[in-house]
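Tertiary structure, described
Chain by chain, the residues run as shown.
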Amino acid sequence: MRPNRLLLAVAPVLALAACGPEDSPSPHVNVETAPLTGQFSVTSQFEVPATVAAPGPLGDALRLVHGLSVNPGAALLDFAEDAGVPALSELRLVLPDPVEAELTGWMNAYLFTAVVDGVSPHDEIVALDDLIRSVLLEWELRSTLVLPADGDGGTHAPVSLAFSSPAGPVEVPLEPTAPVTSGVGVAATVSWPGGPEGAAIATLGDHAMGLPFGRYALRALKSILQAQYGKADVAAFLSAAVGCPALAASVASRCVGFACVGHESDLLAICEGGVAEGARQIEGQILGLDFEAIHFERGTATAVGATLSPARDATSLQDGVWTATIDVGNGPEAATATFSAVR
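Just so it is clear, the model here is predicted, and its values are computed rather than measured. (Residues numbered from 1 in each chain as written. Predicted model: local features only at pLDDT ≥ 70, side-chain atom pairs only at ≥ 80, totals over all residues. Heavy atoms only, no water.)

Considering the state of the cysteines
A disulfide bridge is the covalent bond that connects two cysteines by way of their sulfur atoms. Definition in use: The definition used for a disulfide is geometric: two cysteine sulfur atoms within 2.5 Å. Helix numbering and strand numbering both begin at the N terminus, where a helix is a DSSP run of H or I of at least 4 residues and a strand a DSSP run of E of at least 2.
Under the criterion given, the structure shown has two disulfides. A disulfide bridge connects Cys244 with Cys271, and the sulfur atoms are separated by 2.1 Å. Note on the Cys244 and Cys271 pair: the S-S dihedral is about -75 degrees, so by sign convention the disulfide is left-handed. With a gap of 27 residues between them, Cys244 in helix H12 (residues 244-252) and Cys271 in helix H13 (residues 264-287) connect regions that are remote in the sequence.

Written as structure tokens, this is what we have:
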């Protein structure tokens, strides 16, 4: 607390420049302000809307696993083809066209209807789709906001990312050597739109940061898969979920008239190759996600504990709302973000 400095720093400004639309006083009414100073631990909750996820790298990552959940048979065959699994081309050479045309449907029939421990392979793939969507679109940024007393402008540095899971938040610290960009030149003030006896409002100015989001999202995903399913990564999860030996046996027994599929060993190789390639592509897409800029245009919050007379600094910031955009490689898009902070 710096009562002398705060009292000297209190200055009138136009109300329309200091308040949000919901608490703006009448025009030309002066509002008392003071600098917001100190070090705060900030937690920002982000929800990335579908408009951001649809195009570009983030959308590509989501579409990979979603396609697997919608049409798993076709996706596994496509993944096997991407991987160049020899058994796939060999099987296509020997199977009659009417039989080959049914492969995707027979694979889906097994994946949708087989039940292992009360759950179908398709249900497990859908659960993975939901989990990855949650990890990539709903997360917390934990950061340190430093606002010096000399008023030269503060810094806002990312510290960790946190992701929700059934067992509670999974926090992944950012390494000191990670290619992270901190926000600099952060201006912050406290104002009393309702007068000195009213609630204090903190306003944080324009700044931006960047971080390699994907590497930490992937670590969190693997941690959740291990804790919830006992699987170390996407490949292990998909392998257990799909159950390639049972799928191969099921499809090998299918027939069109007198022409049957057979080739169980080839089907097993195709399935295993498709699972491995699908996992590789999904993890690769997530790993490649860099948030080129998280742009905080403005932040407003209730400055708890801040008073004019006697002059006291805020002890925490509550009910904060960021006006923010995120650039994941295809230009800035609006993101819903709220925050809180403690000294």
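There's more to say after this.
Regarding the pattern of salt bridges
Put simply, the rule is: Whenever a carboxyl oxygen of Asp or Glu lies within 4 Å of a side-chain nitrogen of Lys or Arg, that contact is scored as a salt bridge. Buried residues are those whose accessible area, probed at 1.4 Å on protein chains only, stays under 20% of the maximum for their type, while exposed residues exceed 50% and partly exposed ones sit between those limits.
Tallied over the full model, the rule gives nine salt bridges. With a closest N to O distance of 2.4 Å, Asp60 and Arg63 form a salt bridge. Here Asp60 and its partner Arg63 are both found in helix H4 (residues 56-70), three residues apart, which amounts to about one turn of the helix. Residue classification places Asp60 among the partly exposed residues on the basis of a relative accessible area of 32%. We classify Arg63 as partly exposed; its relative accessible area is 45%.

Side note on the packing of aromatic side chains
Just so we agree on the cut-off: Pairs were defined over the aromatic rings of Phe, Tyr and Trp, the Trp ring being its six-membered one, requiring ring centres within 6.5 Å. Orientation was assigned from the angle between planes: stacked under 30 degrees, edge-to-face over 60, tilted for the rest.
According to the stated counting rule, one finds nine aromatic pairs in the structure shown. Centre to centre, the rings of Trp139 and Phe213 are 5.1 Å apart; their planes meet at 50 degrees, and the pair counts as tilted. One end of the pair, Trp139, is in strand S4 (residues 138-147); the other, Phe213, is in helix H10 (residues 213-229), with 74 residues separating them in the sequence. In this pair, the class of Trp139 matches that of Phe213, namely buried. Each member of the aromatic cluster is reached from another via a ring pair, and the members are Phe46, Trp139, Phe163, Phe213, Phe291, Phe296, Trp322 and Phe339.

So, to be careful, I would describe these as geometric facts and stop short of saying anything about function.
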